Amino acid sequence: MTNARLFHWGAVCSLIALILLSLAWELVLAPLRPGGSFLVLKAVLLLLPLMGVLRQRVYTYQWSSMFILAFFAEGVMRAWSDSGLSQTLALFEVLLTVCYFASVVLFVRAIRLQQP
């Protein structure tokens, strides 16, 4: 497996995991309000880069590397301010965003090195 392919699957898996985490977190595990909250809509925002990432579009990788930093910031703030399960979920969000960011940067780098 080439490096680009490995980093592509790292980005895909971490993005899908982040979508699932957002849905589970805001609907079932630790919603801000009983029964869920409108923060679940942040999972919809994560769907925006999904098709481009699945199709390995370099432009999508580039803009989504900046886009994901908003979710990193949210995870850091909620890990710092929340407690209990919500704090743990926020730490998982931070971990997944770091994995996604690293995979994206390394994928774009590997693609650029393959081109003549």
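Figured I'd write up the structure that's included with this text.

The rules we used
Residues numbered from 1 in each chain as written. Predicted model: local features only at pLDDT ≥ 70, side-chain atom pairs only at ≥ 80, totals over all residues. Heavy atoms only, no water. Helix = DSSP H or I, 4+ residues; strand = E, 2+ residues; numbered from the N terminus. Contact = heavy atoms within 4.5 Å. Expected span 1.5 Å × (residues − 1). Bend = angle between axes of the 7 residues up to and from the residue. Buried < 20%, exposed > 50% of the residue type's maximum accessible area, 1.4 Å probe, protein only. Axes fitted to C-alpha atoms, helices over the stretch in contact; angles between N-to-C directions. Parallel < 35°, antiparallel > 145°, perpendicular 65-115°, else oblique. Left-handed = near helix turned anticlockwise from the far one by under 90°. Nonpolar A, V, L, I, M, F, W, Y, C, P; charged D, E, K, R; others polar. Core = buried A, V, L, I, M, F, W, Y, C linked by side-chain atoms within 4.5 Å. Salt bridge = Lys/Arg side-chain N within 4 Å of Asp/Glu carboxyl O.

## Quick look at the side chain of Ser65
For step 1, the next point in the chain: Of note, Ser65 is situated in helix α4 (residues 58–81).
For step 2, the next point in the chain: When neighbours within four sequence positions are excluded, Ser65 is seen to be in contact with Phe101 and Val104.

## Observations concerning α4
For step 1, the next point in the chain: An ideal rise of 1.5 Å per residue puts 34 Å on 24 residues; α4 measures up with 35 Å between its terminal C-alpha atoms.
For step 2, the next point in the chain: Considering bend angle alone, the principal kink of α4 is centred on Ser65 and spans about 30 degrees.
For step 3, the next point in the chain: Buried within α4 we find Val58, Thr60, Tyr61, Ser64, Ser65, Ile68, Phe71, Glu74, Gly75, Arg78 and Ala79.
For step 4, the next point in the chain: Looking at the buried positions of α4, the neighbouring elements they touch are α1 (3–29), α2 (42–47), α3 (50–54) and α5 (85–114).

## Notes on the packing of α4 against α5
For step 1, the next point in the chain: Running from amino to carboxyl end, α4 crosses α5 at an angle of 160 degrees, the nearest separation of the two axes being 8 Å. Overall, the two elements α4 and α5 adopt an arrangement that is roughly antiparallel. In terms of crossing hand, the pair formed by α4 and α5 is left-handed.
For step 2, the next point in the chain: Among the residues making up the contact of α4 with α5, the classes are represented as 18 nonpolar, seven polar and four charged.

## Structural notes on the nonpolar core
For step 1, the next point in the chain: Counting residues in hydrophobic clusters, the biggest one holds 27 residues, and the most contacted among them are Leu15, Leu46, Val53, Tyr61, Tyr100 and Phe107.
For step 2, the next point in the chain: Mapped onto this core, the elements with two or more residues apiece are α1, α3, α4 and α5.
For step 3, the next point in the chain: Setting aside residues no more than four positions away along its own chain, Val53 makes contact with His8, Ala11, Val12, Leu15, Thr60, Tyr61 and Tyr100.

## What to know about unusual backbone geometry
For step 1, the next point in the chain: Phi is positive for Gln56, which is not a glycine, with a value near 60 degrees.
For step 2, the next point in the chain: Among the secondary structure elements, Gln56 is positioned in the loop between α3 and α4.
For step 3, the next point in the chain: By relative accessible area, which is 36% here, Gln56 ends up partly exposed.

## Focus on the pattern of salt bridges
For step 1, the next point in the chain: The final tally for this structure, using the stated rule, is six salt bridges.
For step 2, the next point in the chain: With its nearest N and O atoms 2.7 Å apart, the salt bridge here joins Glu26 to Arg78. You can see Glu26 sitting in helix α1 and its partner Arg78 sitting in helix α4, a full 52 residues away along the chain. The pair Glu26 / Arg78 is uniform in exposure class, with both members buried.
For step 3, the next point in the chain: Put simply, Lys42 and Glu74 hold a salt bridge, and the shortest N to O gap is 2.8 Å. In this pair, Lys42 sits in helix α2 while Glu74 sits in helix α4, placing the two residues 32 residues apart along the sequence.
For step 4, the next point in the chain: Note on Glu74: relative accessible area 19%, which makes it buried.

By themselves, these figures tell us nothing about what the structure is for.
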